Amino acid sequence: MWARLGAGIVPGFFLAAALLGLVSWLLPGRWESTIMVGLLAFFPLWIGIVCAALRFSSGRRAWLCLGIAAVAGLSLLRLLQASGWVG
Amino acid sequence: MKLKPATLRTFTTLHSWVGMLAGFALFVAFYAGAITVFHHSLQQWASPQLAATASLDDAQQLLDQVLARHPEAREHLGMTFPGYELAEPTAYWQDAQGVWQFATPQQLAGSPTPPGASLPELVNELHYTLGLPLVGTWLMGLVSLLYGVALVSGFVIHLPRLFKDLFALRPGRNLKRFWQDAHNVIGVLSLPFHIVFAVTGALLCLLFVLMLALNPLVHDGKLMAASTAAMDTAPNMQKTDVSRPLSPLASWHARAIAVAAEHGVADFVPGYLKLAHAGDAHAVVEITGTSPRGLGAGAVALDATSGAVLATQLPGSRDANHAVLSAVYALHFGDYGNVVVRWLYFLLGLGGAFLFYSGNLLWIESRRKRRQAEQGRSSIIMARATVGVCIGVCVAISAAFVAAQLLPALGWRVDAGERWICLGSWALCVAWAARRAPLRAARELLWLAAIVTALVPLAHGLVTGGWFWRSAAAGHGALLAIDLGALALAAGFASLARAASRRSRSGDANSVWADQAR
C-alpha cells in the first residue's frame, strides 16, 4: 500500500498540477480569469489521484504510470505556453 | 461499482491510518469550529457591557485621527464600520516594523492587541491552529488533506452497504454494530458538509503554499502578479505625489450602498474598508460588505477623493475568481443566510466531532481481544489519548469561557489568563487520562466537563448580572442562546458520564473499557 500511496502523493501531485494547468490554460479566454477555480479544484483532484493510485496492481506500476503521465502533461503544457498557442 | 476485496482491505487500512493521524486534530477543529460559528455573539457575551453602536461620525473622527498620528497608516489602512465586529469602529495598519496596529476611538495611539474580548479569537485559534504558533495553520492544512483522503476511503469502504444500511441504527447487544452504524449514518448524511470543509479548510490554510508551488510549475511564474487582480477589487494605482484631501467617509458608505443597489444588490451592508494612498490624488478605497440574500461578500472600489466608481465585485455580477473566493469564505464560515444556517453548522460541527471520536472508538474495538482481560498496549494508549484529548478540549474551552467572565472581575489580565487556563486545563486532562484506567478517566473528565460547562452561564450571570432569564426578558437572543447552549452541553456531558458509569457496572470485562483496565 505504501509504495502506491507514495506514487499518488509525489508524481500524483505533479500530475494534478499538469491537469490543472492544461485545463486552465486551454479553456477559452485568459487563464487569469479562472485562477481561483483552479486553486479550489487542485486539492480534490490530488486527493482523487492519491486514492485512485491504490487501484494499481503494484507500486512500481503506479510510480511509472503516474510519473510518465505527469512528465508528459507538464511538458505538453510548457510546449503550449512557449509556443504561444495558449494564453 | 464492484470493488475487489483486496482493494476494500487497502482502503480500510488507509482509512484507519489517516483517521489515526488526523482524528484528534479534527475533533478539536470541529468542536472549536462549531462554537466559532457564533463568534459574533461570543464577542458580545464576553464583553463586560453591551455598547451602543457608534455612528459614522465616530468612524470619520477615528480615520482622521489615525491618519494624522500615524504616517504608515496613510499607505494602507483597514477599518471596520461600527457594528461589524464590534459596536465601535476599529482601524488597523502595519507599522514600520510590519507589526499590525489597532486603534479605536478610545485608543488612538495604536496597540498590537486587537480590541474587544479575546475569547472568540482564542476559540478560533484552537479551531485553525490547535493553539500552536507558526506551524499550526500549515499543520491544519495537512490535516484537512488527510481528512479528504479519509472521506474518500470511508465512502469507498461503506459503498457496498451504502443504501442498504443508510438508515440502520441497530442498538442491542452488539455495541460495535451500534457505534459503526452511528459513525456511518452521520458520515453519509453529512457528507456534503464534510466535503465542503475538507476542500475549503485545505485551501484557507494552504492557499499561499499552493500558489508558491504551482507558480513555477504550471503558471510560467506569472501567478503571483495575476493573483492580486483575482483577489482584490480595487485596481493597483501608482501614487502621484500630488496631494488631495479625502472625501468624507459617510459619502463612501452611501456611494457603496447606491452602487450595489444599481447592480441589483438591494440591501448591501458595508462591513469594512481598505484605504490606500490616503492624502494622495490617487487615493483608493475599497468597501466590502454583505447582503442578507447573497452568498459571500461583495466589494465596491471608489476613488477616495472624488467618489468615482473604479471597480465592483458584487453578488450576481462578479467575475469567476471573486465568485469562487467569496463562496469559499462564505461556505466555510457559514456567514450567509440567517441564524438557522448557523445553528445547522453548529449541529453538523458537533456531529463531525462525534464522527472522529467514534472513529477512534471503532479502531480500538476492532482490535479488542474478546477472550482475555489483558488488552493490547496500542489500544490502551489510544483509549487514554482519545479520552484525554477529546474530552479534555471540551473541559478546556468551557474553562476559558468561565475565565473570560471571572478574570476581569478579579482584575487580572484576561487575554493571557484565559489562554493559560484553557491550554493548562487541557494539558492536565491529558495527563490525568494518561494515568488512569480509560473508563474511569472518561467518567471523571465527563463529569468535570459537565460541571465546568454548567458554570459558564453561572459565571456570566454572577459577573455581569446577565442571567439568562434577564437576557430573555431584554430580548438579547444571542446571550440567551450561549447560556442555554452551555446548559444543554453540560446536560449532554452528564448523560455521557452516566452512560460511562453504566458501562463500568455491566460492560464486558475483556476490553480496554473494563473498570480496571491498565
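Residues numbered from 1 in each chain as written. Chains lettered and ligands numbered in written order. Predicted model: local features only at pLDDT ≥ 70, side-chain atom pairs only at ≥ 80, totals over all residues. Heavy atoms only, no water.

**Q** Residues and numbers for the packing of helix H2 (residues 35–53) of chain A against helix H10 (residues 320–333) of chain B, please.
**A** At a minimum axis separation of 7 Å, H2(A) and H10(B) run at an interaxial angle of 40°. One way to sum up the angle between H2(A) and H10(B) is to call them oblique. The segment H2(A) lies against H10(B), with A:Ile35, A:Met36, A:Val37 and A:Leu40 engaging B:Ala320, B:Asn321, B:Val324, B:Leu325 and B:Val328. (Axes fitted to C-alpha atoms, helices over the stretch in contact; angles between N-to-C directions. Helix = DSSP H or I, 4+ residues; strand = E, 2+ residues; numbered from the N terminus. Parallel < 35°, antiparallel > 145°, perpendicular 65-115°, else oblique. Contact = heavy atoms within 4.5 Å.)

**Q** I'd like a rundown of the pairing of strand S2 (residues 90–94) of chain B, residues and numbers included.
**A** All names here are of chain B. Here strand S1 (residues 76–80) pairs with S2 via three bridges, running antiparallel. Bridge pairing in S2 places Gly-78 opposite Tyr-92. As paired elements, S2 and strand S3 (residues 100–104) share four bridges and run antiparallel to each other. Bridge assignment links Gln-94 to a residue of S3, and that residue is Trp-100. Hairpin connection between S2 and S3: a loop of five residues separates the two successive antiparallel strands, and Gly-98 in this loop has a positive phi of roughly 85°. (Pairing = 2+ DSSP bridges.)

**Q** Describe the interface of chain A and chain B, and please don't skip the residues or the numbers.
**A** Taken together, the 33 residues of chain A in the interface contact 38 residues of chain B. At the boundary of chain A with chain B, total buried surface from both sides reaches about 3000 Å², with 82% on carbon and sulfur atoms. When the area that chain A buries against chain B is broken down by residue, the three leading residues are A:Met36, A:Leu39 and A:Phe43, summing to 23%. Connecting chain A to chain B are zero salt bridges. Along the contact surface separating chain A from chain B lie seven residue pairs in polar contact (both at pLDDT 80 or more). Elements with a contribution of two residues or more to the side of chain A that touches chain B: helix H1 (2–26), H2 and helix H3 (59–83) of chain A. The residue makeup of the side of chain A that touches chain B, split by class, is 24 nonpolar, five polar and four charged. (Buried area = accessible area lost by both parts, 1.4 Å probe. Salt bridge = Lys/Arg side-chain N within 4 Å of Asp/Glu carboxyl O. Polar contact = N/O pair within 3.5 Å; in protein donor to acceptor, adjacent residues only side chain to side chain. Nonpolar A, V, L, I, M, F, W, Y, C, P; charged D, E, K, R; others polar.)

**Q** A description of the packing of helix H1 (residues 5–36) of chain B against helix H4 (residues 119–129) of chain B should follow, citing residues and the corresponding values.
**A** Residues and elements named next belong to chain B. At a closest axis distance of 8 Å, the pairing of H1 and H4 adopts a crossing angle of 145°. Considering the relative orientation of H1 and H4, their crossing is left-handed. Contacts from Val-28, Ala-29, Ala-32, Gly-33, Ile-35 and Thr-36 in H1 reach Val-123, Asn-124, Leu-126 and His-127 in H4. Across the contact of H1 with H4, the residue classes tally to six nonpolar, four polar and no charged. (Left-handed = near helix turned anticlockwise from the far one by under 90°.)

**Q** Which residues make up a nonpolar patch on the surface, and what are the values?
**A** Residue and element names in this part refer to chain B. Taken together, the side chains of Leu-406, Leu-410, Trp-412, Trp-447, Ile-451, Leu-455, Leu-458, Leu-462 and Val-463 make up a nonpolar region of the molecular surface, amounting to roughly 870 Å² of accessible area. Those elements that place two or more of their residues in the nonpolar patch are helix H12 (377–410) and helix H14 (438–464). Element by element, the count of residues in the nonpolar patch is highest for H14, at six residues. Trp-412 gets classed as exposed once you look at its relative accessible area, which sits at 56%. (Patch = residues over 30% accessible without salt bridge, like charges linked within 9 Å, V, L, I, M, F, W, Y side chains within 5 Å. Areas by Shrake-Rupley, 256 points an atom, 1.4 Å probe, with all protein chains shown as cover. Buried < 20%, exposed > 50% of the residue type's maximum accessible area, 1.4 Å probe, protein only.)

**Q** Residue-level account of the UniProt feature "transmembrane region" (unreviewed entry) in chain A, with values.
**A** Residues and elements named next belong to chain A. The positions that UniProt labels "transmembrane region" (unreviewed entry) are, in the present scheme, residues 7–27, 33–54 and 61–80. For residues 33–54, helix accounts for 86% and strand for 0%, while the C-alpha atoms at its two ends are 34 Å apart. Secondary structure within residues 61–80 divides into 100% helix and 0% strand; the distance between the first and last C-alpha atoms comes to 28 Å. (UniProt positions renumbered as here; feature names shortened; annotations may be inferred.)

**Q** How would you summarise unusual backbone geometry if you had to cite specific residues and measurements?
**A** All names here are of chain B. With a phi close to 60°, Leu-134 is a non-glycine residue in the positive phi region. Of note, Leu-134 is situated in the loop between H4 and helix H5 (136–158). You can call Leu-134 exposed: its relative accessible area is 81%. With a phi angle near 65°, Asp-241 is a residue other than glycine that sits in the positive phi range. Here Asp-241 lies in the loop between helix H8 (223–231) and helix H9 (249–262).

**Q** Got a sec to walk through the nonpolar core? Specific residues and values, please.
**A** The tendency in soluble globular proteins is for nonpolar side chains to be buried as a group. Judged by nonpolar contacts, the single largest core of 134 residues is most densely connected at A:Leu39, A:Phe42, A:Phe43, B:Phe27, B:Leu119 and B:Phe401. The dominant element in this core, judged by the number of residues it contributes, is H12(B), at 17 residues. Core analysis: the next-biggest nonpolar cluster, separate from the first, contains 30 residues, B:Phe81, B:Val265, B:Leu275 and B:Leu302 among them. (Core = buried A, V, L, I, M, F, W, Y, C linked by side-chain atoms within 4.5 Å.)

**Q** So, the pattern of salt bridges: which residues are in play, and what are the values?
**A** Residue and element names in this part refer to chain B. Counting across every chain of the model gives 15 salt bridges over all chains. One salt bridge connects Asp-220 with Lys-222, and the closest N-O pair in it is separated by 3.6 Å. Asp-415 is the salt-bridge partner of Arg-413, the closest N and O atoms lying 3.3 Å from each other. A relative accessible area of 60% means that Arg-413 is categorised as exposed. Residue classification places Asp-415 among the partly exposed residues on the basis of a relative accessible area of 25%. Taken together, the salt bridges that share partners define one network made up of Arg-161, Asp-165, Arg-170, Arg-177 and Asp-181.

**Q** Can you lay out the environment of B:Ala59 for me, pointing to particular residues and giving the numbers?
**A** Residue and element names in this part refer to chain B. Along the chain, Ala-59 turns up in helix H3 (residues 56–69). Between the alpha carbons of Ala-59 and Leu-406 there is a distance of 32 Å; along the sequence they are 347 residues apart. Not counting chain neighbours up to four residues away, the residues in contact with Ala-59 comprise Met-79, Pro-82, Pro-89 and Leu-249.

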